[in-house]
Amino acid sequence: MLDLTTARQLMVDSQLRARGISDPRVLDAMLRVPRHEFVPHHYRAQAYEDHPLPIGDGQTISQPYIVALMLESLQLAPDEVVLEIGTGSGYATALLAELAAQVFSIERHDALAASARNVLAALGYANVQVFTGDGTLGLRAGAPFDAILVSAAAPDLPPTLLAQLRDPGRMIIPVGPPDSQQLQFIRMVNGQPLISLRELVRFVPLVPNPG
Ligand code: SAH
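This one's a predicted model, so the numbers in the text were calculated from it and none came from an experiment.

Caption draft 1: Seen up close, the overall build of the protein. For the protein, the count of helices and strands is six helices and nine strands. For the protein, whose C-alpha radius of gyration is 16 Å, the value lies close to the compact-globule estimate of 17 Å for 211 residues. The C-alpha extent of the protein, read off along each of the three principal axes, is 50 × 35 × 35 Å. In the protein, which comprises 211 residues, the share counted as buried stands at 53%. When contacts within the protein are restricted to residue pairs at least 6 apart in sequence, those whose partners lie at least 24 apart make up 54%. A total of about 9500 Å² of accessible surface is found on the protein, and carbon and sulfur atoms cover 55% of it. For the protein, the distance from the average site of its 15 positive side-chain charges to the average site of its 21 negative ones is 1 Å.

Below is the structure:
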């Protein structure tokens, strides 16, 4: 079996570079972050394969390529503040922490949020805060954000999140019904959201908490 560092290098070359991911900061971050630390123990050997994996509570860690696409679209600068909705395993959170100055992340499942917090702390990410709550409401206290990354599928663009985006700012979010969505890239310019439609994707749903 390949050692995990070699597997990660291969992931970056064959799944990311070979498919057109070219942003050196994104590629470097994906080379650095140990994805295997974010998956359940019995999936470690599969951590660098080209697909999502179950992480508990019926949720999944996204396919590496999709994470890279979303990160590349945001073009993060090292001094920026980012909001992530759907922490899940915390893998994308770690990548955001490598690329930006400060990351706020919201997860609705308590157990996932707790586990992500533990892994992120163990890996030494001090510029990350994980909140348990309903991400559709965003995080008013931290707004406005230079960039927002949503990694659960919204039926429509959530207006509350748009309102928390800095002007200018960028957001990437899968939008559509549960079985198939399209990534939407939003650039806020002069108070207007400019929307471009990107790849077709399949994410778990963004579930607003009741009440
Ligand atoms: N980036 C994560 C993806 C996790 S899947 C990773 O790579 O591990 C999407 C996550 O969104 C799930 O953990 C799910 O529980 C969470 N989620 C769904 N609806 C949410 C909501 N309203 N607020 C916050 N998190 C939500």
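Caption draft 2: Summary view of the packing of aromatic side chains. Counted by the stated rule, this structure contains three aromatic pairs. Among the aromatic residues, ring-to-ring pairing joins Phe104, Phe131 and Phe145 into one connected group. For the cation-ring pair, Arg19 lies above Tyr65, with the distance from its terminal atom to the ring centre recorded as 5.1 Å. Its guanidinium or amino end placed over the ring of Tyr91, Arg35 lies 4.9 Å from that ring's centre, counting from NZ or CZ.

Caption draft 3: Up close: the environment of Ala143. Residue position: Ala143 is located in the loop between β5 (128-132) and β6 (145-150). Each C-alpha atom of the pair Ala143 and Gly90 lies 21 Å from the other, and the pair is 53 residues apart in sequence.

Caption draft 4: Representation of the packing of helix α1 (residues 4-16) against helix α3 (residues 64-74). In contact at an axis separation of 10 Å, α1 and α3 are set at 70° when each is read in the N-to-C sense. It follows that α1 is roughly perpendicular to α3 by the angle criterion. Along the contact surface, α1 presents Met11, Gln15 and Leu16, while α3 presents Pro64, Tyr65 and Ala68.

Caption draft 5: Just helix α4 (residues 91-99), in detail. Within α4, eight of the nine residues are buried, leaving the element largely enclosed by the surrounding structure. Taken residue by residue, α4 has Tyr91, Ala92, Thr93, Ala94, Leu95, Leu96, Ala97 and Leu99 as its buried positions.

Caption draft 6: Expanded view of the layout of surface pockets. Reported here for the largest pocket is a volume of approximately 550 Å³. Taken together, 37 residues form the lining of the largest pocket, with Thr60, Gly86, Ser151, Ala152 and Val204 sitting closest to its centre. For the lining of the largest pocket, the secondary structure elements donating two or more residues are β2 (59-61), α3, β3 (81-85), α4 and β4 (102-107). For the lining of the largest pocket, the per-class residue count stands at 19 nonpolar, 13 polar and five charged. Its volume calculated, the second largest pocket comes out at about 200 Å³. Together, Glu37, Phe38, Val39, Pro40, His41, Arg44, Ile55, Ser89, Leu112, Ser115 and Val119 line the second largest pocket. For the lining of the second largest pocket, the leading source of residues is helix α5 (residues 110-122), giving three residues. The residue inventory of the lining of the second largest pocket, partitioned by class, reads six nonpolar, three polar and two charged.

Caption draft 7: Quick peek at the site of the ligand. Taken together, 25 residues lie near the ligand, and Ser89, Glu107, Asp134, Gly135 and Val207 sit nearest. In the environment of the ligand, a nitrogen atom lies 3.5 Å from a nitrogen or oxygen atom belonging to the backbone of Gly86. Between the ligand and Ser151, the relevant distance is 3.2 Å, taken from a nitrogen atom to a side-chain nitrogen or oxygen of the residue. Contact with the protein chains covers 99% of the free accessible surface of the ligand, which is 570 Å². For the ligand, the cavity whose grid points lie within 2 Å of the majority of its atoms is the largest pocket. If you tally residues by element for the shell around the ligand, the top one is β2, at three residues. Class assignment for the residues of the shell around the ligand results in nine nonpolar, 12 polar and four charged.

Definitions and limits used
Residues numbered from 1 in each chain as written. Predicted model: local features only at pLDDT ≥ 70, side-chain atom pairs only at ≥ 80, totals over all residues. Heavy atoms only, no water. Helix = DSSP H or I, 4+ residues; strand = E, 2+ residues; numbered from the N terminus. Rg over C-alpha atoms; globule rule 2.2 N^0.38 Å. Buried < 20%, exposed > 50% of the residue type's maximum accessible area, 1.4 Å probe, protein only. Contact = heavy atoms within 4.5 Å. Areas by Shrake-Rupley, 256 points an atom, 1.4 Å probe, with all protein chains shown as cover. Lys, Arg positive; Asp, Glu negative; His and termini not counted. Charge placed at Lys NZ, Arg CZ, Asp CG, Glu CD. Phe/Tyr/Trp six-rings, centres within 6.5 Å; stacked < 30°, edge-to-face > 60°. Lys NZ or Arg CZ within 6 Å of the ring centre and 35° of its normal. Axes fitted to C-alpha atoms, helices over the stretch in contact; angles between N-to-C directions. Parallel < 35°, antiparallel > 145°, perpendicular 65-115°, else oblique. 1 Å grid on protein atoms, 1.4 Å probe; cavity = no way out; pocket = protein on both sides within 12 Å on 5 of 7 lines; lining within 4 Å. Points joined across faces, edges and corners; volume = space filled by probe spheres on them. Nonpolar A, V, L, I, M, F, W, Y, C, P; charged D, E, K, R; others polar. Near = heavy atom within 4 Å. Polar contact = N/O pair within 3.5 Å; in protein donor to acceptor, adjacent residues only side chain to side chain. Sits in = over half its atoms within 2 Å of the grid points.

Limitation: the analysis is restricted to geometry and does not speak to function.
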